[in-house]
Structures are given as structure tokens and as C-alpha cells.
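Spelled out, the chains give:
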Amino acid sequence: MSGFVYMMSDKPRGVIYTGVTSDLHGRIWEHRNEIQKGFTQKYRAKNLVWFEHHPNIVLAIQREKSLKRYMREWKIKLVEELNPTWMDLYERIDEIENIYRPHPNTREWSDYN
């Protein structure tokens, strides 16, 4: 099962919410329609401004935890590399291919076994 890490915002350079899911379309729909109470509902972060595709959900969760430790400016840089105008990407999810590519010096999974 593949996974996605994503960021939601209310406006350009506004509040940023980082999440992880195996169903990007469904999860963003839930945020936009306020299915669950929480951060995105409270701060009106309904725009999908960035996402990244991972080969499996475990790696996506690891990446999400890493991104949550990032400084705000680093997150803004990530968003603006993919989406400089901070437009809502929800309608274009299937058109954008943003596959996570680790830094070349990152150890391979097989190096740990």
C-alpha cells in the first residue's frame, strides 16, 4: 500500500498542517468538508498545497514525522518548489507526480538488514 505526505493551508504562507494518508483523494475531501473536528477545521486549512508520494505507508509516516520537526521556513520552501503560487492542488492530484526521492547519501533500506 503506497502512502502520501501532504500539507494543507488556509492561504499563501498561512497556517500549515502536515499529514499522512494512504488515500490522498479521500483524506483531502474529508478536510475540505470538515468531516472531523481538528486543526484544519479550526484554522480553515482547506487547500492542499503540497504532497509527496511514497512507495509504502511506513516510509510516508517516517517522512511525515521528519517534516513535522522541520522549521516553518523549510516547509514553505518545500511548498514553493512544487507550488510557488500556493494554489489548491486538490483538482490536480492525478496530474502531479511528486515522488519522494531521498538524498543520495541516505542509507538504503537493505543497508539496515
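Refer to the structure above for everything that follows.
Parameters at a glance
Residues numbered from 1 in each chain as written. Predicted model: local features only at pLDDT ≥ 70, side-chain atom pairs only at ≥ 80, totals over all residues. Heavy atoms only, no water. Phe/Tyr/Trp six-rings, centres within 6.5 Å; stacked < 30°, edge-to-face > 60°. Buried < 20%, exposed > 50% of the residue type's maximum accessible area, 1.4 Å probe, protein only. Helix = DSSP H or I, 4+ residues; strand = E, 2+ residues; numbered from the N terminus. Pairing = 2+ DSSP bridges. Arc of directions from axis to C-beta. Contact = heavy atoms within 4.5 Å.

Our focus in this paragraph is the packing of aromatic side chains. In this structure the tally under the stated criterion is four aromatic pairs. One aromatic cluster is present, formed by Tyr6, Tyr17, Phe39 and Tyr43 through successive ring pairs.

Turning our attention to the pairing of strand E1 (residues 3–9). Where burial is concerned, most of E1 is hidden: seven out of the seven residues are buried. By the bridge criterion, seven bridges tie E1 to strand E3 (residues 47–54) in an arrangement that is antiparallel. Bridge assignment links Ser9 to a residue of E3, and that residue is Asn47. In this antiparallel pair of consecutive strands, E1 and strand E2 (residues 16–21), the connection spans six residues, and Arg13 shows a positive phi of 60 degrees.

Those residues of helix H1 (residues 24–32) that sit buried are Leu24, Arg27, Ile28 and His31. The buried residues of H1 occupy an angular sector of 95 degrees when projected down its axis, which confines them to one face. Contact partners of the buried residues in H1: E1, E2, helix H2 (39–42) and E3. With its phi angle positive at about 50 degrees, Glu34 sits one or two positions after the end of H1.

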